[in-house]
Every structure is written in C-alpha cells, then in structure tokens.
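As a plain string of letters, each chain reads:
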Amino acid sequence: MPNEPPTGPHHGPPSDAGSGQEGPPADPETYVWPLVSLIVVILPQVLVPTKMREGPPLAVPVTEAVVLLLLLVVAAKPGPVPRAARPLILSLFAVLVLANTAAAVRLVALVLRSTPAGEAPPTVTQLLVTAVTLLATNIVTFGLLYWQLDGGGPAVRRLGAVRYPDFQFPQTSTEGLAPPSWQPRFPDHLYLAFTNVVAFSPTDTLPLTHRAKGLMASQSLISLGVLAVVLSRVINILPS
C-alpha cells in the first residue's frame, strides 16, 4: 500500500485544544477479529438443531459462509489489505446485511401469520433462539459495514487521511481521552452496532453523514421489529 500523506484533518471534528494533531501511522488493522466475529454468528445457525429454532433458511448461512471464504482469500494475501479491495469488501458486507434482513423479515412474517391447520406454531424456545441469533448477526454484520464504511475504511483511517468521517467518536473530539493519532478500529464499530440495537439510538458515538444515519436507522428498525413481534408472541404463548 503506498504511504500516502494525510490530506485532511484528524478523524472527527478537532476540538479547540488541538485534538486534530497528527501522529505516526498506526499499524495496519488485522482482519482476524472481524472474521472471527463472523464465524461466531454463523456457527449457531448450522449447529443448533432445527427443532430448537425457526430458521434462518439454509440459504442464509450458506451465503454468509461464501462471503467468509471470499474475505479469507482477500485477507490472506501478504501485507495490508489493499484499498482497491474495499469496494469488494463493502459489497460482501452489504450482502451479509441483506441476508440477515431477509431472515428477520421471514421470522416476523412467520410470527404474524395465522398458523395453517395441521401445522404446529413456533414454540417459545424456537422463537427466542431464532431472535437471539438474528440480533447477534445484526450486530456483527452492521458492525462490519460501519467499520469498512467509516471515513473511507481502515486503510484511510490508518494514514490519518480521513477528510469527512461518518461517525464522531468521543476520542476524536475531546482532548485527553486518547492519543492524538487515535483512530477507531473494528471493536469500536462493533460496540457502536451493539448499542444501536439495545438502545435503538446512538449513545456515545454520533452518525455524521446521511449514509451513516440511514444505516443506523435501518439497523434499529430491524432489531425493533424482531424484538417487538417475537416478544409479543412469546408473552401470548407463556401461561398466565
């Protein structure tokens, strides 16, 4: 990867105290943890017995496994992942989000429909296991997308060449919380995705661009739909 000079300010609006100072480029970010997190959410979809869950369809984990293999091929090449691979990686992460969204829509439709005659309705265990699996996958897939999208991706952030970030982290706007050259990494974006699911809104990190706001709104709507529909059905099933 060419060593490009910084072309813009520090990631996020600098404070008056000078948090926009540049430091030496950080080490290239590893793809190990993003890939591990993806494996962690794929495994339950194929290892949990079908009698204990209501989906997702086999096509979803198969799609996720294909994306995982393609990411392994990209990340396995010696040296940092090239910036030229970013469009492909973004497309793969978008496929993951769409696959999990389709599984969530299927679950909501299944819960809302009238159970056909002769067919047993989903049990509490099936509904809860499926909902937890979908929400966990929602967190990981959107976290991956935020990580690759923010400010041009990990390679651009590493060089301090971010011109307009998509998210404002506290460390980039307040002096003393982190070194001047601090840049968000995958765990930061994964935590952002987690808080957006459990709080349905930003907590300590703010979306700055339209695309970031749209993605966070979509993620919240997916998780809210799954939680509201599944929990309401579970409450009706449980004995009073």
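Remember, predicted model here, so these are calculated numbers, not experimental data. (Residues numbered from 1 in each chain as written. Predicted model: local features only at pLDDT ≥ 70, side-chain atom pairs only at ≥ 80, totals over all residues. Heavy atoms only, no water.)

## Things to note about the pattern of salt bridges
Close approach of charged atoms allows side chains with opposite charge to pair.
Line of reasoning, step 1. The tally for this structure, following the rule as stated, stands at two salt bridges.
Line of reasoning, step 2. Across the pair Arg-106 and Glu-54 runs a salt bridge, and its minimum N-O distance is 3.9 Å. Pair noted here: Arg-106 is in helix H3 (residues 86-112) and Glu-54 is in the loop between helix H1 (32-47) and helix H2 (59-75), with a separation of 52 residues, a long-range link.
Line of reasoning, step 3. Here Arg-106 falls in the partly exposed class, since its relative accessible area comes to 35%. (Salt bridge = Lys/Arg side-chain N within 4 Å of Asp/Glu carboxyl O. Helix = DSSP H or I, 4+ residues; strand = E, 2+ residues; numbered from the N terminus. Buried < 20%, exposed > 50% of the residue type's maximum accessible area, 1.4 Å probe, protein only.)

## Examining the environment of Ala-104
Line of reasoning, step 1. Relative to the assigned elements, Ala-104 resides in helix H3.
Line of reasoning, step 2. Placed 122 residues apart in sequence, Ala-104 and Val-226 show a C-alpha to C-alpha distance of 6.6 Å.
Line of reasoning, step 3. Non-local contacts of Ala-104, meaning those with residues more than four positions away in its chain, are made with Leu-134, Ile-222 and Val-226. (Contact = heavy atoms within 4.5 Å.)

## Remarks on the UniProt feature "transmembrane region" (unreviewed entry) in the protein
Line of reasoning, step 1. In the numbering used here, UniProt assigns the feature "transmembrane region" (unreviewed entry) to residues 57-76, 88-112, 124-147 and 221-238.
Line of reasoning, step 2. Between the C-alpha atoms that bound residues 57-76 there is a distance of 29 Å. The span itself is 85% helix and 0% strand.
Line of reasoning, step 3. Helix makes up 94% of residues 221-238 and strand 0%, and the two end C-alpha atoms of the span are 26 Å apart. (UniProt positions renumbered as here; feature names shortened; annotations may be inferred.)

## Looking at helix H7 (residues 186-199)
Line of reasoning, step 1. The terminal C-alpha atoms of H7, which comprises 14 residues, lie 20 Å apart, in line with the 20 Å expected from a rise of 1.5 Å per residue.
Line of reasoning, step 2. Where H7 is concerned, the buried positions are Phe-186, His-189, Leu-192, Ala-193, Thr-195, Asn-196 and Val-197.
Line of reasoning, step 3. Among the structural elements, H1, helix H4 (124-149), helix H5 (154-158), strand S1 (167-168) and helix H8 (210-237) are those in contact with the buried residues of H7.
Line of reasoning, step 4. Directly beyond the C-terminal end of H7, a positive phi value near 60 degrees is found at Phe-200. (Expected span 1.5 Å × (residues − 1).)

## Some words on the nonpolar core
Line of reasoning, step 1. In this structure, Leu-38, Leu-71, Ile-89, Phe-93, Leu-144 and Tyr-146 are the most contacted members of the largest nonpolar core, which totals 51 residues.
Line of reasoning, step 2. Among the elements of the structure, H1, H2, H3, H4, H7 and H8 are those that each provide at least two residues to this core.
Line of reasoning, step 3. Of all the elements, H4 adds the most residues to this core, at 13 residues.
Line of reasoning, step 4. Beyond its immediate sequence surroundings of up to four residues, Leu-71 is in contact with Leu-35, Leu-38, Ile-89, Leu-92 and Phe-93. (Core = buried A, V, L, I, M, F, W, Y, C linked by side-chain atoms within 4.5 Å.)

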